[in-house]
Amino acid sequence: MSLERINPAELSPPTGFSHAVSATGSRLVLLAGQTALDATGAVVGESLPEQFERALANLLAALAAAGGTPDRLARVTVYAADVAAYREHAAELGRIWRKLAGRDYPAMAVVGITRLWDEQALVELDGIAVLD
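Residues numbered from 1 in each chain as written. Predicted model: local features only at pLDDT ≥ 70, side-chain atom pairs only at ≥ 80, totals over all residues. Heavy atoms only, no water.

**Student:** Explain helix α1 (residues 48-65) to me, and be specific about the residues and the numbers.
**Tutor:** Its 18 residues give α1 an end-to-end C-alpha distance of 25 Å, which sits within 8% of 26 Å, the value for a rise of 1.5 Å per residue. Turning to α1, its buried residues number three or more, namely Leu-48, Pro-49, Gln-51, Phe-52, Ala-55, Leu-56, Asn-58, Leu-59, Leu-60 and Leu-63. For α1, the secondary structure elements touched by its buried residues are β3 (27-34), β4 (73-80), α2 (83-88), α3 (90-101) and β6 (123-131). Positive phi appears at Gly-67, one or two residues downstream of α1, with a value of about 95°. (Helix = DSSP H or I, 4+ residues; strand = E, 2+ residues; numbered from the N terminus. Expected span 1.5 Å × (residues − 1). Buried < 20%, exposed > 50% of the residue type's maximum accessible area, 1.4 Å probe, protein only. Contact = heavy atoms within 4.5 Å.)

As structure tokens, then:
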């Protein structure tokens, strides 16, 4: 089982993502969207970075429960209620990503949305992982 991160020279250099990820393996894990919910179902964190860290931790907890590790993520989509704020905090969000998930970046997209299921939620992450 392997993931190959593909970043063609003719595309702009990727920062915090891979342009493509080729996966071979025997098990595909589809990870539901995760926000900054705690175990009681309450949104925690006031700021975008705080909520991003919790949402990513929740996504990685679901992945771990399926037997995976962050380097097995092939695709992550980030849904942001405020894309301008996401861009403003991009450096800090990158540090959070590297702290929790390392430097094996999946193919990623950030999508601006008007709101999430929980009105207090500022960000949601979902993903796809390939496991042995």
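**Student:** Lay out the nonpolar core in plain terms, naming residues and giving numbers.
**Tutor:** Within soluble globular proteins, side chains that are nonpolar tend to cluster in buried spots. Core analysis: the largest hydrophobic core is formed by 26 residues, its most contacted members being Phe-52, Leu-73, Val-76, Trp-97 and Leu-125. Counting only elements with at least two residues in this core, the list comes to β3, α1, β4, α2, α3 and β6. With seven residues, the single largest contributor to this core is α1. With sequence-adjacent residues up to four places away left out, Val-76 is seen in contact with Leu-59, Trp-97, Pro-106, Ala-107, Met-108, Ala-109, Leu-125, Asp-126 and Gly-127. If you look at the next biggest cluster of nonpolar residues, it comprises five residues, including Leu-3, Val-21, Ala-74 and Ala-107. (Core = buried A, V, L, I, M, F, W, Y, C linked by side-chain atoms within 4.5 Å.)

**Student:** Go over the sheet that holds β3 with me, naming the residues and quoting the values.
**Tutor:** If you trace the four strands from one edge of the open sheet to the other, you get β3-β6-β4-β5, paired in mixed fashion. The sheet is open, and its two edges are formed by β3 and β5 (107-112), each paired on a single side. Between one strand axis and the next, the sheet turns by 10° as a mean value, whatever way the strands run. As paired elements, β3 and β6 share six bridges and run antiparallel to each other. (Pairing = 2+ DSSP bridges. Axes fitted to C-alpha atoms, helices over the stretch in contact; angles between N-to-C directions.)

**Student:** So what's going on with the environment of Ser-26? Which residues, and what values?
**Tutor:** By secondary structure assignment, the location of Ser-26 is in the loop between β2 (20-24) and β3. Given a relative accessible area of 65%, Ser-26 falls into the exposed group. Separated by 38 residues in sequence, Ser-26 and Ala-64 place their C-alpha atoms 17 Å apart. Ignoring any residue separated from it by four or fewer positions in sequence, one finds Ser-26 in contact with Leu-131 and Asp-132.

**Student:** Outline the pattern of salt bridges, listing residues and values.
**Tutor:** Applying the stated criterion to the full structure yields three salt bridges. The residue Glu-53 makes a salt bridge to Lys-99 at a minimum N-O spacing of 2.6 Å. Placement of Glu-53 in helix α1 and of Lys-99 in helix α3 is noted, with a sequence separation of 46 residues between them. Overall, Glu-53 belongs to the partly exposed group, its relative accessible area being 27%. Between Glu-119 and Arg-115 there is a salt bridge, with the nearest N and O atoms lying 3.6 Å from each other. (Salt bridge = Lys/Arg side-chain N within 4 Å of Asp/Glu carboxyl O.)

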